[in-house]
Amino acid sequence: MKKIPIGKPFFDKREISEVRKVLEEGNLTNSSFKGGSKVREVESMMHKFVGTKHAVALNSGTAALHAALLALGIGKGDEVLLPSFTFLATANVVVVTGATPVFVDIKKDDYTMDPDDLEEKITENSKVVIPVHLYGHIADMRRIKNIADKNFLHVVEDACQSLGSTFNGKQTGSFGDMGCFSFYASKVITSGEGGVITTNNKELADRIRMIRNHGILEGYDIKIPGLNLRMTEICAAIAKIQMEKVKKILQIRRKNANALTRMLEGLDITLPKEDNNSNYNWYLYTIAMKNRDMVTKKLNSVGIGATVYYKTPIHKTSLYSIYGASVPNTEWAADHVLSLPVHPSVSVKNVNYIADTIRKTLGSKQ
Ligand SMILES: Cc1ncc(COP(=O)(O)O)c(C=O)c1O
């Protein structure tokens with residue numbers, strides 16, 4: 001059987017022909033406040049899909065998170081609350097602004113931020129909370145928003161992994177002040193590198209448009225500190241076609257995830273589960289188990305790209321160990337979780353093979 005990677009872009013001729021058009025026209029990028037025509041098309045598709053008034057395209061999910069914090073004026077002396085169980089970009093954007101990261105624990109049932117622990121870790125210096133919709137699971141936005149409102153905190157959703165996940169029919173990225181998405185190569189849709197911020201706040205959207213373009217509104221007059229965080233027209237051309245396919249992509253992911261759940265039920269494994277109000281995008285199908293490392297080794301040895309996100313929680317890396325963190329569920333998760341491929345190029349045969357391999361591996365050990 002051919003290798004089954006953990007992620008794979010879902011491309012066809014349409015992406016190629018859209019990129020060709022950009023190359024033929026020669027407008028590779030656009031440094032105006034509003035951006036190029038493809039960038040504007042992607043922004044329009046994203047704000048409609050997510051259900052916010054505005055969307056601003058940037059050149060990565062990291063850039064989106066960074067610009068969101070800059071737009072809120074976060075810096076030295078401010079504390080930003082975030083999980084340690086996430087991709088390290090979520091924390092890196094905090095320290096590069098000069099602010100201090102404060103690590104909040106996760107819930108064991110879905111690996112997203114624990115609102116009780118959030119409440120405990122708020123101090124008078126807390127300014128922003130960044131819930132992460134990890135694996136496409138949805139952080140408890142009702143409670144997190146409530147706690148944030150009570151404590152005058154801004155909410156920046158890290159929706160880099162959750163494009164298409166909904167709670168009560170509402171898309172992730174539309175609950176907080178801003179939602180940050182990634183179009184990195186492994187993500188639900190991709191432009192290679194890319195990112196988007198969604199928001200209902202026009203003032204923030206305008207600030208982000210300036211921040212992505214050196215802080216310029218027009219001409220050569222710099223209004224606020226900014227960088228070059230622009231999405232290219234080539235990336236936007238790819239993202240536009242990917243957005244046209246997003247519903248289909250989500251359907252196939254759901255079908256694969258449901259099939260895996262049917263086949264893995266009954267084993268000594270914690271399976272991912274949506275509750276009645278949530279719909280995951282199934283970016284990753286993440287299980288938890290005792291013999292995680294043994295099963296990973298076996299799956300990898302037969303070409304199945306099962307991967308651990310994340311073996312090292314951020315607070316255990318060299319840079320972040322100085323901040324300290326009491327996050328027992330995070331440490332448990334780092335030792336037990338394993339993500340399986342369910343992307344659109346995973347066939348029914350592949351799903352059977354993944355499930356059979358896990359069954360056989362556990363069968364011989366349980
Ligand atoms: C949870 C999370 N946050 C932030 C990022 C950063 O996104 P990017 O790689 O597009 O910069 C990613 C993806 O890589 C992610 O998974």
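Structural data are supplied above this passage.
In this text the structure is predicted, and so the values were computed from the model without any measurement.

## A few points about the overall build of the chain
(1) Moving on: A count of helices and strands for the chain gives twelve helices and twelve strands.
(2) Moving on: The C-alpha radius of gyration computed for the chain amounts to 20 Å, which stays within 12% of the reference 21 Å derived for 366 residues, consistent with globular compactness.
(3) Moving on: Here the C-alpha coordinates of the chain stretch approximately 70 × 55 × 40 Å along the principal axes.
(4) Moving on: Counting every position in the chain, which comprises 366 residues, the buried fraction comes to 57%.
(5) Moving on: Once local pairs closer than 6 in sequence are excluded, the contacts in the chain between residues at least 24 apart make up 71%.
(6) Moving on: Of the accessible surface of the chain, which amounts to about 15900 Å², a share of 51% is contributed by carbon and sulfur atoms.
(7) Moving on: For the chain, the distance from the average position of its 48 positive side-chain charges to the average position of its 38 negative side-chain charges is 8 Å.

## Let's talk about the nonpolar core
(1) Moving on: Grouped together as the largest cluster of nonpolar side chains are 81 residues, with contacts concentrated most on Met46, Phe85, Leu340 and Ile358.
(2) Moving on: Among the elements that line this core, the one with the most residues is helix α9 (residues 246-264), at eight residues.
(3) Moving on: Shared between two domains, this core takes at least three residues from each, and those domains are domain 1 (13-244) and domain 2 (246-363).
(4) Moving on: Setting aside residues no more than four positions away along its own chain, Ile358 makes contact with Leu264, Leu267, Ile269, Ile287, Val295, Leu299 and Leu340.
(5) Moving on: Listed in part, the 34 residues of the second largest apolar core include Leu72, Val80, Ile211 and Leu229.

## Points about the site of the ligand
(1) Moving on: Close contacts around the ligand come from 16 residues, with Gly61, Thr62, Asp158, Ser182 and Lys187 the closest.
(2) Moving on: Within the complex, 93% of the 380 Å² of free accessible area of the ligand lies under protein.
(3) Moving on: Of all elements in the fold, only α3 (61-71) and α4 (89-97) reach the threshold of two or more residues within the shell around the ligand.
(4) Moving on: Per-element accounting of the shell around the ligand gives the leading share, three residues, to α3.
(5) Moving on: For the shell around the ligand, the class distribution of residues is six nonpolar, eight polar and two charged.

## Describing unusual backbone geometry
(1) Moving on: Residue Tyr309 is joined to Tyr310 through a cis peptide bond whose omega torsion reads 10 degrees.
(2) Moving on: Mapping Tyr310 onto the fold places it in the loop between α10 (292-301) and α11 (328-336).
(3) Moving on: Positioned with a positive phi, Tyr111 is a non-glycine residue whose angle comes to about 70 degrees.
(4) Moving on: Look at Tyr135: it is not a glycine, yet its phi comes out positive at around 65 degrees.

## Focus: the side chain of Thr296
(1) Moving on: Within the secondary structure, Thr296 is located in helix α10.
(2) Moving on: For Thr296, a relative accessible area of 11% gives the class buried.

## Observations regarding the sheet that holds strand β4 (residues 126-129)
(1) Moving on: Taken in spatial order, the seven strands line up as β1-β9-β8-β5-β4-β2-β3 in an open sheet, and their pairing is mixed. Because the sheet does not close on itself, it has two edges, and the strands there are β1 (54-58) and β3 (100-104). The average angle at which neighbouring strand axes cross in this sheet is 25 degrees, direction not considered.
(2) Moving on: Alignment of strand β2 (residues 79-83) against β4, held across three bridges, turns out to be parallel. Considered in β4, the bridge of Val80 is made with Val128.

## Some thoughts on α9
(1) Moving on: For α9, with 19 residues, the first-to-last C-alpha span of 27 Å sits near the 27 Å given by 1.5 Å per residue.
(2) Moving on: Contact partners of the buried residues in α9: α2 (37-50), α8 (233-244), β11 (285-288), β12 (337-340) and α12 (348-363).

## So, the environment of Met46
(1) Moving on: Locating Met46 in the fold gives a position in helix α2.
(2) Moving on: Here the alpha-carbon distance between Met46 and Lys255, two residues 209 residues apart in the chain, equals 24 Å.
(3) Moving on: Apart from the residues lying within four places of it in its own chain, the contact partners of Met46 are Gly51, Ala55, Leu163, Phe181, Phe183, Val196 and Met243.

Each value, and the rule that gives it
Residues numbered from 1 in each chain as written. Predicted model: local features only at pLDDT ≥ 70, side-chain atom pairs only at ≥ 80, totals over all residues. Heavy atoms only, no water. Helix = DSSP H or I, 4+ residues; strand = E, 2+ residues; numbered from the N terminus. Rg over C-alpha atoms; globule rule 2.2 N^0.38 Å. Buried < 20%, exposed > 50% of the residue type's maximum accessible area, 1.4 Å probe, protein only. Contact = heavy atoms within 4.5 Å. Areas by Shrake-Rupley, 256 points an atom, 1.4 Å probe, with all protein chains shown as cover. Lys, Arg positive; Asp, Glu negative; His and termini not counted. Charge placed at Lys NZ, Arg CZ, Asp CG, Glu CD. Core = buried A, V, L, I, M, F, W, Y, C linked by side-chain atoms within 4.5 Å. Domains from an automatic or database assignment. Near = heavy atom within 4 Å. Nonpolar A, V, L, I, M, F, W, Y, C, P; charged D, E, K, R; others polar. Pairing = 2+ DSSP bridges. Axes fitted to C-alpha atoms, helices over the stretch in contact; angles between N-to-C directions. Expected span 1.5 Å × (residues − 1).

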